[in-house]
Amino acid sequence: MRPIILLFLLPIISTYALSVNIIWTPGFTKELHLECSNIGCLDGQSSDIIEEAICDECFSDSVNSTFIFNNITTYLHPNELITLDEFITYLYTADFISINYNSPYDLVSSRSMEIKKLLYKDLCPNKHDAIIFFKRGYADTFSSPELIYCGEEIYTAQLF
């Protein structure tokens, strides 16, 4: 009897989808807007806002920024899927820097916005707009990429 009940609950459990949007406010603060398709995936709420500390050192034309904004889509690939619960825990506990194709951190890219959007979309097997989550490094800089958010799928990031 228990396996039959689990078969009925599995579609309910797996229907939690989380939408993540990066918002830069008029006061130039950075927020991650989270929205669930069902109440419950955000500790009983259907939406939440996480304020992300701005990465002052990311506004540069350093070699690191050039790699991230001009070449990372060549070298970064989705690896293993992680669960929604793991991703939500990461969002509330990790010290990260999130970027998407339309990042004000990008002062070095010579590509058009449309081309960058397509390159980021190519990071996602399901062709959603990717958000890349980097570990926040020493002196408040981009460190290694950790996750790629692809709509209802979240992957660990793999370089090369």
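Residues numbered from 1 in each chain as written. Predicted model: local features only at pLDDT ≥ 70, side-chain atom pairs only at ≥ 80, totals over all residues. Heavy atoms only, no water.

Section: the pairing of strand 5 (residues 96-99)
Argument step 1. The alternating pattern of strand 5 places Phe96 and Ser98 and Ile97 and Ile99 on opposite faces, both of which are buried.
Argument step 2. Relative to strand 6 (residues 131-136), strand 5 is paired through four bridges, and the arrangement is antiparallel. For Phe96, the partnering residue across the bridge sits in strand 6 and is Lys135. (Buried < 20%, exposed > 50% of the residue type's maximum accessible area, 1.4 Å probe, protein only. Helix = DSSP H or I, 4+ residues; strand = E, 2+ residues; numbered from the N terminus. Pairing = 2+ DSSP bridges.)

Quick word on the environment of Pro125
Argument step 1. By the secondary structure assignment, Pro125 is in the loop between helix 4 (113-121) and strand 6.
Argument step 2. Classification of Pro125 by relative accessible area gives exposed; the value is 53%.
Argument step 3. Sequence spacing of Pro125 and His77 is 48 residues, and the spatial spacing of their C-alpha atoms is 9.6 Å.

Section: the sheet that holds strand 3 (residues 47-52)
Argument step 1. One open sheet holds the three strands; their spatial order is 1-2-3, and the pairing between them is antiparallel. The strands lining the two open edges of the sheet, one partner per strand, are strand 1 (18-24) and strand 3. Put simply, the sheet's adjacent strands are angled 20 degrees from each other on average, direction ignored.
Argument step 2. Bridge analysis of strand 2 (residues 30-36) against strand 3 gives six bridges, and the strand direction is antiparallel. By the bridge assignment for strand 3, Leu34 is matched with Asp48.
Argument step 3. Packing of helix 3 (residues 84-93) onto the sheet brings it into contact with strand 1, strand 2 and strand 3, and relative to strand 1 it is tilted by some 25 degrees. (Axes fitted to C-alpha atoms, helices over the stretch in contact; angles between N-to-C directions. Contact = heavy atoms within 4.5 Å.)

Regarding the state of the cysteines
Argument step 1. The full count for this structure, using the stated rule, is three disulfides.
Argument step 2. The residue that forms a disulfide with Cys36 is Cys41, at a sulfur-sulfur distance of 1.5 Å. Classification of the bridge connecting Cys36 and Cys41 rests on its S-S torsion, roughly -60 degrees, and on that basis the disulfide is left-handed. Of the two residues, Cys36 and Cys41, neither departs from the other in class, the shared state being buried.
Argument step 3. Disulfide pairing is shown between Cys55 and Cys58; the S-S distance is 1.9 Å. Since a negative S-S torsion denotes a left-handed disulfide, the Cys55-Cys58 link at about 65 degrees is right-handed.
Argument step 4. Its relative accessible area of 0% is what places Cys55 among the buried residues. (Disulfide = S-S within 2.5 Å.)

A closer look at the sheet that holds strand 4 (residues 76-82)
Argument step 1. If you walk across this open sheet you meet the five strands as 4-8-7-6-5, and the pairing is antiparallel. Two strands close off the open sheet at either side, each with one partner strand: strand 4 and strand 5. Taken over all neighbouring pairs, the strand axes of this sheet differ in orientation by 35 degrees on average, direction set aside.
Argument step 2. Here strand 4 pairs with strand 8 (residues 153-159) via five bridges, running antiparallel. What sits directly across from Pro78, in strand 8, is Ala157.

Some points on helix 2 (residues 63-75)
Side chains three or four residues apart in an α-helix point the same way, a direct result of the helix having 3.6 residues per turn.
Argument step 1. Taking 1.5 Å of rise per residue, the 13 residues of helix 2 would be expected to cover 18 Å, yet its terminal C-alpha atoms sit only 15 Å apart, more than 12% below that figure.
Argument step 2. The largest bend in helix 2 amounts to roughly 50 degrees and is located at Phe69.
Argument step 3. Burial in helix 2 covers these residues: Ser65, Ile68, Phe69, Asn70, Ile72 and Thr73.
Argument step 4. Residues of helix 2 that are buried sit in contact with strand 4, strand 5, helix 4, strand 6 and strand 7 (142-150). (Expected span 1.5 Å × (residues − 1). Bend = angle between axes of the 7 residues up to and from the residue.)

Keep in mind these values describe shape, not function.
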